[in-house]
Amino acid sequence: MKQIIKIASVLFILFILVVANIVFYFHQNIKPILISEMNNTLAVEVAVEEITISGLRDFPNLGIKLAKVSVDESTPYYQEKLLVADELNLFVDVWKLYKGEYVIDKVVLRGGKLRIADLNYRTNYDITKPRTDGGTIVSFEIKDLKLVNCDVLYEHRPSKFKCNTYTPLSTIALKYIEKASNLSIVAELNKTDVVSGGEKYIVGKDLKINTEIAINPDEQIVTIAPSDLQIQEVKLKAEGTANYSETSAVDIQFSNTNTTAQSLFSILPAHFVSSLDNIDLNGDVVINGFFKGKTYGTNYPALGFDYALKKAIVGVKGQDLKLSGVDATGDLTIPSLGNLRGAKATCKLQSAATKNTTIIGNIEVANFEKPTIKWDGTAMLEAAFILGLIDSSAFDAKSGVASIDGKLTLTYDIQKGATVPNSLRYAGTILLENLSGTLKDPKIDVKNIDLNVSADNQKMVVKSAHFSYNNTTGTLKGYIEDYISLLNEKSNAELVGQLAVDNLTVNELYSAAAVKTSNSPMVSGDLLPIKLTLMTTLTNFRFNDFIANKMQGQLLSNRISIRMPKCEIDALGGNTIANIAIKKWGENHLVDINSDLKKINITELFKQFNNFEQSEITDKNLKGTLNGNIIAKIILDKNYEPILPKLYAKVNVVIDNGALLDYKPLAELSAFAKIDDLKNVKFKSLKNTIEIFDQTIFIPRMRIENNALNLEIEGTHTFDNYMQYSMSLSVAELLATKANWIARKAEKRVEKNKDGGLTAYIVMEGTPDKLKIRYDRSTVKKNVKEEAKKEKKKFIQALKGEGTLEEETSDTKNYDDVWDE
């Protein structure tokens, strides 16, 4: 027995030494052995910087640590390593492996990057070589696979699906039996991006997943057991199947018990909720939906869900506007995520209210690329709520309520950013009551606006409209033809009716027209968004200093022009019938005026029109009654100022019982001619046709007559106040004597006229500050020659018996004798 014990002891010691030497050898040569074995087994190259194994104390459990591991792709796709990891740890039971049980107790991948792709006919992770013995692995299990601080990128090319994420910790259990695989996954995924069909569905969101998955490789189907999925704060239940073959497809159902609407909106794709960026929604929402359909090639799956919104609060961001107690139900269906034209959403708004605002009705939106929006319901909206919805900061509403009861339909083209032409339809009523507030620029106190409108599919009727602001009041009544084109870029809608306004002061509205700076482009060729045919009456009308007791006529507009073809104006002490038109002229505006004036007080005319923006001849210098016709074409620039070089006017006037008083050029002429009566010239009638163009006033020869003198004048007067006048001044006998013109006659500066007096021809040239006046001797000599020709002709006719040498009038006097005396 002792011998047997000794022999056994020796053998055990030898076994221990052999095993120790084997372990030592294995430990010393593990790196080349493992790398060699892996490269013999795998179809791709594996690189390991360092390999360590656990000691005998853990036997038969064996721990292997691989540091700085990299594995190549089986099919180059990302042009990167399939796997790169700082550390890969494997823990296996050697006896189980020896008995043919392929079980890995634990795998830990730390600091890794995985780049996985399913391509059209292969993958980039098919890294094992076929077995040479023809055998297959019947079962395989990884009890615990942990991914710690790893980046994961997965792409499924047939379905155009891509997922990019980072996991601080994910735990996976994998069991492979007879080709079928079962996985249990508890994962935390941060900053996750999910793209399908080129559309981004999840962007930078945090996810948590707790699921079990069964993979059938024969049918290429993944079955997802009821699972928990959390995206940000939204918790969902999901289950279904996914086909990962070349004809890939999904069929997944999801639901939640309770989620805040704000959280749900935060996870929806941006192109789904971009139109709701201005809406602040708080409340609970329950959803129940599906994600189903083919995903390969040009196919896109369908998405749909029902929802119920409970006791929500809807507000406008940046505004103190809210609807509380909002209860609504509805659904969303998108038959193909690649084609939003078939998408449809409905909302049944059961209640929504706050103070004086309530909304109840049904909303339907079809075709998310060019959505058709339908509303059927009633609403009572505070004015402040409406202005908040349209983000109007130019008007502060104090009061006002709008009541809407009807059906609205319109289609919006998202790509063009405009309503589809002629898609607007409304059948119902709109009432606006007691709207008041303040318009900020310019400051206008809106005291009250009331509006009563009804519509059907053809016509919109303005039953009544009353408005008052500052001291202005007005009424409007009529209808809008072709109102369905109101939102068109080129609308054919026309407002027909009667407009009456009292105490209208245009200057109060001038800055409200948003006068453009010279650098601001004109965005449209239209002056108005709608055509007009309005019988208009304006009483106590004011513009600058101009006051009209009454203006009446038909106001017409075809959008690109505004005109009143026969406007009757009671102003300036007389009456005017004017044809007034304004239209776009390139980037400017053309004002066209053709008016007939009767008994206009010329002093008031100059006074109320600010002396036509000049200071040389003003209302202080003029008196009389004006009759005549004025044609004017005025081009206004972007600031609505006249472009003077392009101004044209033709004035055909008669001034009766007139006077020209204290006019400086005539005062200068008075001093030159030594005739005091020229300082204040009175006349019974003056008639002329004056033209204005090229910044110059052209005055044809006209005659100013009174008992003492006659003045004929012609010439030009520029806008720079440079004058060139030619005048003939004829004075009666007594006045000529007083002025001592005899010497001037002898010097050929004056001549005898047919009325028995003397006439001087005078040239006036220069500016008022440097005015030069001189006699025009050339005209005198010319007239003497013409008079000699007339006398010669008269003498020859007398010789032939065709005339007489006698004077034509018996009262003709020889003023030469008078001057000689």
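This structure is a prediction, so every number in the text was calculated from the model and none was measured.

Analysis parameters
- Residues numbered from 1 in each chain as written.
- Predicted model: local features only at pLDDT ≥ 70, side-chain atom pairs only at ≥ 80, totals over all residues.
- Heavy atoms only, no water.
- Helix = DSSP H or I, 4+ residues; strand = E, 2+ residues; numbered from the N terminus.
- Buried < 20%, exposed > 50% of the residue type's maximum accessible area, 1.4 Å probe, protein only.
- Areas by Shrake-Rupley, 256 points an atom, 1.4 Å probe, with all protein chains shown as cover.
- Core = buried A, V, L, I, M, F, W, Y, C linked by side-chain atoms within 4.5 Å.
- Contact = heavy atoms within 4.5 Å.
- Polar contact = N/O pair within 3.5 Å; in protein donor to acceptor, adjacent residues only side chain to side chain.
- Pairing = 2+ DSSP bridges.
- pLDDT = per-residue confidence, 0-100.

We now examine the overall build of the protein chain. Each helix and strand in the protein chain was counted, giving 13 helices and 39 strands. Here the protein chain holds 821 residues, and 37% of them are scored as buried. Per element, the accessible surface of the protein chain, about 46,800 Å² overall, is 55% carbon and sulfur.

On to the nonpolar core. Within the largest apolar cluster, 74 residues are counted, with the highest numbers of intra-cluster contacts made by Y483, L495, I569, M727 and I762. Setting aside residues no more than four positions away along its own chain, M727 makes contact with L669, L711, E712, I713, A760, Y761, I762 and M764. If you look at the next biggest cluster of nonpolar residues, it comprises 71 residues, including L189, L323, C347 and L381.

Take N621: it is sitting in the loop between α8 (602–608) and β31 (622–636). We classify N621 as buried; its relative accessible area is 8%. Between the C-alpha atom of N621 and that of F606, which follows or precedes it by 15 residues, the distance is 9.7 Å. Within the structure, the side chain of N621 is placed 2.8 Å from the backbone nitrogen of T618, a separation counted as a polar contact.

Positionally, D441 belongs in the loop between β21 (425–439) and β22 (444–455). According to the relative accessible area criterion, D441 is exposed, its value standing at 57%. Note: C-alpha distance between D441 and E508 (67 residues apart in sequence) is 9.8 Å.

As judged from the nine bridges shared by strand β3 (residues 83–93) and strand β4 (residues 103–118), these two strands associate in the antiparallel manner. For V92, the partnering residue across the bridge sits in β4 and is I104. Judged from the 12 bridges that link them, β4 and strand β5 (residues 139–156) form a sheet pairing that is parallel. Across the sheet, V107 pairs through a bridge with L145, a residue of β5.

So, on to the confidence of the model for the protein chain. With 77% of its residues at a pLDDT of 70 or more, the protein chain shows a mean pLDDT of 79. Least confident of the elements in the protein chain is helix α13 (residues 815–820), whose mean pLDDT is 30; most confident is strand β25 (residues 494–502), at 96. A low-confidence stretch, residues 1–22 (pLDDT under 50), is modelled with zero contacts involving residues beyond four sequence positions or located in other chains.

Moving on to the side chain of E155. Considering the arrangement of structural elements, one finds E155 in strand β5. With near-sequence residues (within four places) excluded, E155 lies in contact with Y77, Y78, I116, A117, D118, F161 and K162.

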